[in-house]
Amino acid sequence: MKTLRIVLGIVIALIGVQNPLVAGKVYVGKGHPVKTIQQGINNAQPGDTVLVEKGVYKENEIKLNKAIYLKGISFPVIDGGKKGNVMEIHAKGAVLEGFRIINSGQSEMHDLAGVLLVDSYGVTIKNNQFDNNTYSILTQHSRNCTIKDNEIRAYANNEVLFGNGVHCWRSDSMYIIGNNISGHRDGIYFEFVTNSLVWRNISRKNIRYGLHFMFSNNDTYIANVFEKNESGVAVMYTNNVNMYNNYFNDNWGGAAFGILLKDISDGEISGNYFGHNTTALDIEGCNRLKIFKNKFVNNGYAIKISASTLDNEITRNNFISNTFDVATNGTLVANSFTGNYWDKYEGYDLNKDGRGDIPYRPISLYSTIIESNPASLMLFRSIIVSLLDKTEKLLPGITPENLKDEKPYMKPLPL
Amino acid sequence: MKKILKYVIVDIIQNKIVVIYTALLLLISLSVFNLESSAAKGMASLLNLILLVVPLVCVIFSTIYVYNSSEFTELLVSQPLKRKTIWLSLFGGLATSLSLAFLIGVGVPVMLYHADPTGLVLILSGLFLTVVFVSIAFLAVGWTRDKAKGIGWAIALWLFFALIFDALVLFLLFQFQDYPLENAMVVMSFFNPIDLSRVQILLQMDISALMGYTGAVFREFFGSTTGILISFFGLLIWIVIPLLFSLRSFKRKDM
């Protein structure tokens, strides 16, 4: 009987360890024996939950290195005191939730962050508030991590000393979802990040780019909002980029773009809205992009396309109330512009198939003139300029002859 | 002065041409807003109307009117009235009635379809252009007694400001392409009342495109409150100076 009891006890104990419902809980904070978060983490076993009570924890370089659930109760503040990283995660399957992480260090030598994620797998960072960190979330060599629903704010005022909101480097399969980022250098920055999803983020009022990536193949961007960033969005040297249903708004300035695509190949850009940008879409050296079903409204230039781009298909887009629809810098055109709606189209549709019978030439003579002599923009909308444009439309001489939409739509497409 | 002014205004309003002008403006404005797919496009078409048609009608109508009322003017001169009063009353009557025509013809439709800062600037610029070109017409009348010559001068002045000036500026821009011309362009636009009003409207309509590098210089100047005030002050100068010159020649004129 006694042996049976012992065996039973061992079995129950084993079940207990395996069962997450009875996994250990460690409390940190006032009224508990554990006073610091680091000590709480040290005391916990993998699979445990560490609950941190409300309060201010002046800690930095907190090391989270095991698979625990670290959860703050009504946003306890972790104040890094302007020294080093606030928290370093080096774990597999850890979760960080519900903290307010502020005041990381600032350095010209090291990239210091609110949360530094190194060599991690399956880590989730969700529902946190980041305030006044150099980099808010910085990941390196990590895979399959989720950064979700964080409020990220900073007060950057120069591009050298300040860092990015979500900065990923050499990572794979990252999920950046529903974050609200403002006031950093770049909102979201990817370098060598592959197979990742950026979904439902809002990146605004950053002092450089809302989104910035390089060498980051096979990533998808869905339903994000990028607005009022000093230089808009710039993405470079990447293959297989897909961007769906994003908003690019209010990016004003000589070097500001709704989105600047440089050396991007094989992607789809669809369902996006571009409003009130100086240049909505600037395409340089890109190949085989499919740009369709986008709306370009009230931009200075809807599309600037360089002569070095090849085989891009621009179709079924709406171009409404833009100052200039398309501008280019050469005469070579190796891209297709067939089947868009242009509000400046003045043709007719005799056979009533909804498509214009004469081609539309989206490049006006004057946009070509401005390209070579920017100061002449100030003569725009004067009578002499309208006359020049009308003449050029009848007898194309300077604008590229084959940049035209053979079958423009007569009515805006329902997008 | 009040009496003459009243008489001139009544005379002009009874004149069918101003009524036709008002109706024409109203017709164009309404059709532009109803036919174009968006109100913004309507505004762009209206801009051409304001920069081209309004100055032309104002300058030609005023010139002809002043010549045609030369007998009436002579009669007034023989009365114990100051020449300045006579001339300014004529000017005031023409400017008031043509501005009224513009307000009814363009101002009302714009306020109905596009009541925002862009619309307001458009109306204000149109009003200023109306008065400026009445003043320019008086200048042309002051130059010569011959009616045909006077109308010729008026049309030449209109052609210069509407077309030739901008063509010259464009030519200069390309001749001096290698130099920074932004500030020179700001100064240059003050030499043409049509350009001054066009730039004001452009800043409202194409602000996104103007935010580019060159635009920045312009926006900083014309976009600021002082800039707006200075440019409307510039338009005011364009009313006053030709009027003073014409007044001087009218005072010396041997009737």
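It should be emphasised that the depicted structure is a prediction, and the values quoted were computed from it without experimental measurement. (Residues numbered from 1 in each chain as written. Chains lettered and ligands numbered in written order. Predicted model: local features only at pLDDT ≥ 70, side-chain atom pairs only at ≥ 80, totals over all residues.)

Caption draft 1: Fine view of the overall build of chain B. Tallying secondary structure elements over chain B gives 12 helices and 0 strands in all. Counting from the amino terminus, helix and strand elements in chain B follow one another as α-α-α-α-α-α-α-α-α-α-α-α. Each of the three principal axes of chain B carries a C-alpha extent, and together these read 60 × 45 × 30 Å. Taken over 255 residues, chain B has a buried fraction of 42%. A sequence separation of at least 24 residues applies to 77% of the contacts in chain B between residues at least 6 apart. (Helix = DSSP H or I, 4+ residues; strand = E, 2+ residues; numbered from the N terminus. Buried ≥ 20, exposed ≤ 12 C-beta atoms within 10 Å, placed from the backbone. Contact = placed C-beta atoms within 7 Å.)

Caption draft 2: Layout of the interface of chain A and chain B. Between chain A and chain B, the residue contacts involve 27 residues of the former and 34 residues of the latter. With 3 residues, helix 4 (residues 383-394) of chain A is the single largest residue contributor to the side of chain A that touches chain B. Here the side of chain A that touches chain B is composed, by residue class, of 11 nonpolar, 14 polar and 2 charged. (Nonpolar A, V, L, I, M, F, W, Y, C, P; charged D, E, K, R; others polar.)

Caption draft 3: Region of interest: the pairing of strand 16 (residues 166-172) of chain A. All names here are of chain A. Here strand 13 (residues 135-140) runs beside strand 16; their pairing, made up of 4 bridges, is parallel. Residue Leu-138 lies in a different strand from strand 16, and its bridge partner there is His-167. Here 6 bridges tie strand 16 to strand 19 (residues 188-194), and the two strands are oriented parallel to one another. Bridge pairing in strand 19 places His-167 opposite Tyr-189. (Pairing = 2+ DSSP bridges.)

Caption draft 4: Focus on the confidence of the model for chain A. Across chain A, the average pLDDT comes to 90, with 95% of residues at 70 or higher. Scored below 50 in pLDDT, residues 16-21 of chain A shows 2 contacts in the model against residues more than four places distant or in partner chains. (pLDDT = per-residue confidence, 0-100.)

Caption draft 5: Region of the structure containing the sheet that holds strand 25 (residues 232-239) of chain A. All names here are of chain A. Here we have 12 strands laid out as an open sheet, ordered 4-7-10-13-16-19-22-25-28-31-34-37, and parallel in their pairing. The sheet is open, and its two borders are formed by strand 4 (62-64) and strand 37 (324-328), each paired with just one other strand. Ignoring strand direction, the axes of neighbouring strands in this sheet form an average angle of 15°. (Axes fitted to C-alpha atoms, helices over the stretch in contact; angles between N-to-C directions.)

Caption draft 6: Structural context of the pairing of strand 31 (residues 279-284) of chain A. All names here are of chain A. Of all 6 residues in strand 31, 5 are buried; the element is thus mostly enclosed. In this sheet, strand 31 lies alongside strand 28 (residues 257-265) in parallel orientation, the contact comprising 5 bridges. Opposite Lys-262, over in strand 31, you have Glu-284 as the bridge partner.

Caption draft 7: Looking closely at unusual backbone geometry. Residue and element names in this part refer to chain A. Even without a glycine there, the phi angle at Asn-103 is positive, about 60°. Following the sequence through the fold, Asn-103 ends up in the loop between strand 9 (100-102) and strand 10 (113-118). Phi angles above zero are rare outside glycine, and Asn-298 is one such case at about 55°. Structurally, the position occupied by Asn-298 is in the loop between strand 33 (295-297) and strand 34 (301-305).

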